Amino acid sequence: KQYLKRLSPREQMEAADRIMSRLAAKSPLLKTGMKLNMLPFFEVMDRTELDQKVKVLIFWSPECPPCTESFESVNEIFRQIYNPQEVITLAVTMRSQEQASTKLQEKPLLYAKLISSASGIFTAYNLNTMPTFVIADKNDVIQFAVSGIGPQVMVAFKSHLRALLNQ
């Protein structure tokens, strides 16, 4: 007989940890423990916006349903733990400002700064898988880097973000 079991927060984290290795970001430049190269962003924004902040990078496309469907979960996490003085969220897409803004009106991503027409950033990170979520600490060390989406990803995303904000 089959049944559904509600997992405790600890069990949810254990399940997330089991699948994280399979969902690790596909870019060799976005691996947990590596220093995040922020130079690609300095071409489109001021360095001081990024200094001493936890960085949340969301690589997405308006044509990617898993990308935009994930925004609701990300928004819920931000509503629970968001601290604007300590975090900067960058929604990075290769699509035009118009395409991205239109999609973000339909599927908002709270607290995010849109970086559109960012093919140079995708190229700099050798990234072609979306959605990809990256969290780097205030010293630019990657603490979380996952390509793909699912309930376990959001549990791990929330846990890593919360841990960095509580340091």
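Our subject is the structure that appears above.
Here we summarise the structure given alongside this text. Each chain carries its own residue numbering, running from 1 in the written order of its sequence. In keeping with the model being predicted, local features are shown solely for residues with a pLDDT of at least 70 and side-chain atom pairs are shown and tallied solely at 80 or more, while totals for entire chains, interfaces and linings include all residues. To obtain the side-chain values, all non-hydrogen atoms of the structure were included, while hydrogens and water were left out.

Here, a salt bridge means any side-chain nitrogen of Lys or Arg that lies within 4 Å of a carboxyl oxygen of Asp or Glu. The full count for this structure, using the stated rule, is eight salt bridges. The shortest N-O distance in the salt bridge between lysine 113 and glutamate 49 comes to 3.1 Å. In this pair, lysine 113 sits in strand E3 (residues 112-115) while glutamate 49 sits in the loop between helix H2 (39-42) and strand E1 (54-59), placing the two residues 64 residues apart along the sequence. Given the relative accessible area of 28%, glutamate 49 is considered partly exposed. Arginine 95 serves as the salt-bridge partner of glutamate 63, at 2.7 Å between the closest nitrogen and oxygen. Of this pair, glutamate 63 sits in the loop between E1 and helix H3 (65-81) while arginine 95 sits in the loop between strand E2 (87-92) and helix H4 (97-106), and the two are 32 residues apart along the sequence. Overall, glutamate 63 belongs to the partly exposed group, its relative accessible area being 45%. The class for arginine 95 is partly exposed, based on a relative accessible area of 32%. Each helix is a run of H or I in the DSSP string that is no shorter than four residues. Each strand is a run of E no shorter than two, and both are numbered from the N terminus. Accessible area is worked out with a 1.4 Å probe on protein chains only. A residue is then buried under 20% of its type maximum, exposed over 50%, and partly exposed in between.

A few words now on the environment of phenylalanine 42. Along the chain, phenylalanine 42 turns up in helix H2. The partly exposed category is assigned to phenylalanine 42, whose relative accessible area is 26%. It is 35 Å that separates the C-alpha atoms of phenylalanine 42 and arginine 18, two residues lying 24 residues apart in sequence. Setting aside chain neighbours within four positions, we find phenylalanine 42 in contact with Arg47 and Leu50. Contact between two residues is taken to exist if any of their heavy atoms lie within 4.5 Å; hydrogens are not considered.

Turning our attention to the side chain of threonine 68. In this structure, threonine 68 sits in helix H3. Residue class for threonine 68 comes out buried when judged on its relative accessible area of 4%.

It is worth spelling out the sheet that holds E3 at this point. Pairing between two strands is assigned when DSSP locates at least 2 bridges connecting them. Read from one edge of the open sheet, five strands run E3-E2-E1-E4-E5, paired in mixed fashion. On the outer flanks of this sheet lie E3 and strand E5 (142-147), each paired with one strand and no other. This sheet shows a mean twist of 15° between the axes of neighbouring strands, independent of strand direction. Relative to E5, strand E4 (residues 132-136) runs antiparallel, the two sharing five bridges. Bridged to phenylalanine 133 within E5 is valine 146. In this analysis an axis means a line fitted to C-alpha atoms, helices contributing only their contacting stretch, and an angle means the value between N-to-C directions, from 0 to 180 degrees.

Right, let's talk about the state of the cysteines for a bit. Among covalent bonds in proteins, the disulfide is the one between the sulfur atoms of two cysteines. Throughout, a disulfide means two cysteine sulfur atoms within 2.5 Å of one another. Within this structure, the stated rule accounts for one disulfide. The disulfide partner of cysteine 64 is cysteine 67, and the gap between their sulfur atoms is 2.4 Å. Between cysteine 64 and cysteine 67 the sulfur-sulfur dihedral comes to about 80°; the bridge is accordingly right-handed. Residue classification places cysteine 64 among the buried positions, given a relative accessible area of 14%. For cysteine 67, a relative accessible area of 0% translates into the label buried.

The next point concerns unusual backbone geometry. The omega angle of the peptide bond from methionine 130 to proline 131 is -5°, so this bond is cis rather than trans. With respect to the helices, strands and loops of the structure, proline 131 is situated in the loop between helix H5 (119-124) and E4. The phi torsion at serine 117 lies on the positive side, around 50°, for a residue other than glycine. Unusually for a residue other than glycine, aspartate 140 sits at a positive phi of about 70°. Within the secondary structure, aspartate 140 sits in the loop between E4 and E5. On the basis of relative accessible area, aspartate 140 is assigned to the buried category, the value being 17%.

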